[in-house]
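# Per-entry structural report
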Amino acid sequence: MKRSLWLVAGLVVLILGFYVVWPIWSAWKIAIALQNQDPASLGAKIDFDSVRDSIRPVVTTKVSDGFDRYQSQLGPAGAILGQFKKDSVPKIVEASLKTMLTPEMMIRIASEAGPVKDTVERIMREQIGRGLPLSGGASLGGAAGAGSTAVLGGLLGRTLGSANSAPAAAAEQAPAPASTAPAPKRSFSVANIKSFGFAGPFSFHVGVAKDPAAPDADITAQMSFTGGDWKVTGLVPRL
């Protein structure tokens, strides 16, 4: 009887260690890496291939919707924009993901003031503002080179911002490059967690806000047991 009780107690301890202590330890390591701005430690706790797959649909939808809204504003003249959408959207999305999904950029996003949404949209605006190559090197509206950049920059300025965004004239300008100054350090605690739930037997999701006083999460992170460790395998920002 005593042996059975010890076996049950041992099993409970193992389950708690695997599903509670270990994930909490991993989450704490991620928070410390963000707080100390340690790219190496942060990168070791993130499955970037899986995260890229999780965030790609959100970014694709955002950029595609932007094309559609801007095309509708142009009326009949917007038909030419539709010719470039199929080739341009994937390039914009992949360039945005490549910029966002590095340990260094994720530390900067976590450290900057304001919601994650603003930083993600700024990165997408920058990618279009830089004039991503279009099919055949053609430009929108019959212009080439700088003309293409201007139209693309205007597209994101009009469509990725809110209805209260800056005037169109300002949006037409190419966005300034991201600052290279060190990002301010930000501390994280349990107060930053806004939601929690299981996504499967070896996976759970947690909603996190940069501002602990915020009522809702800026981003939902998924943690899964993969590669012999609990790691971040998914990120879905609230855009």
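Description of the structure in this document. What you see is a predicted model, and the numbers here were worked out from it, not measured in a lab.

Our focus in this paragraph is the overall build of the protein chain. Helix and strand content of the protein chain: eight helices and four strands. A buried classification covers 37% of the 239 residues belonging to the protein chain. Expressed as a percentage of contacts within the protein chain between residues at least 6 apart in sequence, the contacts between residues at least 24 apart total 59%. Total accessible area computed for the protein chain in this model is approximately 12,700 Å², and 64% of it derives from carbon and sulfur atoms.

On to the pattern of salt bridges. When the charged atoms of two side chains with opposite charge come close together, those side chains can pair. Using the criterion set out here, one finds eight salt bridges in the structure. Among the salt bridges present, the one from Glu94 reaches Arg56, with a minimum N-O distance of 2.7 Å. Of the two residues, Glu94 is situated in helix H4 (residues 79-100) and Arg56 in helix H3 (residues 48-74); the sequence distance between them amounts to 38 residues. Residue classification places Glu94 among the partly exposed residues on the basis of a relative accessible area of 36%. With a relative accessible area of 25%, Arg56 lands in the partly exposed category. With a shortest N-O distance of 4.0 Å, Glu112 and Arg108 are connected by a salt bridge. A single burial state applies to Glu112 and to Arg108, both of which are buried. What emerges from the salt-bridge pattern is a single network uniting Asp53, Arg56 and Glu94.

Even without being glycine, Gln37 reaches a positive phi, approximately 55°. Structurally, Gln37 can be placed in the loop between helix H1 (2-36) and helix H2 (39-43). Judged by relative accessible area, Gln37 falls into the partly exposed class, the value being 24%.

Now for H1. Between its terminal C-alpha atoms H1 stretches 47 Å, which fits the 51 Å expected from 35 residues at 1.5 Å a residue. Along its length, H1 shows its largest kink, about 40°, at Gly17. Residues Phe18, Pro23, Ser26, Ile30, Ala31, Ala33 and Leu34 constitute the buried set of H1. Where the residues of H1 are buried, they touch H2, helix H5 (103-111), strand E2 (203-208), strand E3 (219-226) and strand E4 (229-237). Of the residues flanking the end of H1, it is Gln37, one or two places downstream, whose phi is positive at about 55°.

Glancing now at the side chain of Glu112. Of note, Glu112 is situated in the loop between H5 and helix H6 (116-129). In contact with Glu112, other than residues within four places in its own chain, are Thr119, Arg122, Arg186 and Lys210.

A few words now on the nonpolar core. By size, the foremost hydrophobic cluster in this structure holds 37 residues, and its most contacted members are Leu42, Val59, Val63 and Met100. Broken down by secondary-structure element, the contributors of at least two residues to this core are H1, H3, H4, H5, H6, E2, E3 and E4. Of the residues forming this core, the biggest block, six residues, is contributed by H3. Once residues within four sequence positions are removed from consideration, Val59 is found in contact with Val93, Ser96, Leu97, Met100 and Met124.

Let's shift gears to the sheet that holds E4. Judged by pairing direction, the sheet is antiparallel, and its four strands sit side by side in the order E1-E2-E3-E4 without closing on themselves. In this open sheet, the two strands that pair with only one neighbour each are strand E1 (193-200) and E4. Between one strand axis and the next, the sheet turns through 25° on average, direction left out of account. Of the pairings in the sheet, the one linking E1 to E2 comprises six bridges and is antiparallel in character. By the bridge assignment for E2, Ser195 is matched with Gly207.

Bringing a nonpolar patch on the surface into the picture now. Judged by side-chain polarity, Val8, Leu11, Val12, Ile15, Leu16, Tyr19, Val20, Val21, Ile24, Phe196, Phe198 and Phe202 come together as a nonpolar surface patch covering roughly 1,100 Å² of accessible area. Among the secondary structure elements, those contributing two or more residues to the nonpolar patch are H1 and E1. Looking at which element gives the most residues to the nonpolar patch, the answer is H1, with nine residues. As for its position among the elements, Val12 is in helix H1. Judged by relative accessible area, which is 42%, Val12 ranks as partly exposed.

Reading the values: the criteria
Per-chain numbering applies: the sequence of each chain, read as written, is numbered from 1 onward. The predicted nature of this model means local features are confined to residues of pLDDT at least 70 and side-chain atom pairs, given and counted, to a pLDDT of 80 or more, with totals for whole chains, interfaces and linings taken over all residues. Excluded from the side-chain calculations are hydrogens and water; all other atoms, namely the structure's heavy atoms, are used. For helices the rule is a DSSP run of H or I covering at least 4 residues; for strands it is a run of E covering at least 2, with both sets numbered from the N terminus onward. For every residue, the accessible area obtained with a 1.4 Å probe (protein chains only) is divided by the maximum for its type, and the residue is called buried under 20%, exposed over 50%, and partly exposed between those limits. By definition, residues are in contact when any of their heavy atoms lie within 4.5 Å. Note on areas: these come from Shrake-Rupley sampling with a 1.4 Å probe, and a residue is covered only by the protein chains present in the view. Criterion for a salt bridge: a side-chain nitrogen of Lys or Arg within 4 Å of a carboxyl oxygen of Asp or Glu. A helix is expected to span 1.5 Å for every residue after the first. Two axes enter the bend calculation: one fitted to the seven residues ending at the residue in question, the other to the seven starting there, and the bend is the angle between them. Side-chain atoms within 4.5 Å link the members of a nonpolar core, which is a set of buried Ala, Val, Leu, Ile, Met, Phe, Trp, Tyr and Cys residues. Pairing between strands is defined by DSSP: at least two bridges between the two strands are required. For helices, the fitted line uses only the C-alpha atoms of the stretch in contact; every axis is such a line through C-alpha atoms, and the angle between N-to-C directions lies from 0 to 180 degrees. Patch rule: a residue counts if its relative accessible area is over 30% and it has no salt bridge; like charges are joined within 9 Å, and nonpolar side chains (Val, Leu, Ile, Met, Phe, Trp, Tyr) within 5 Å.

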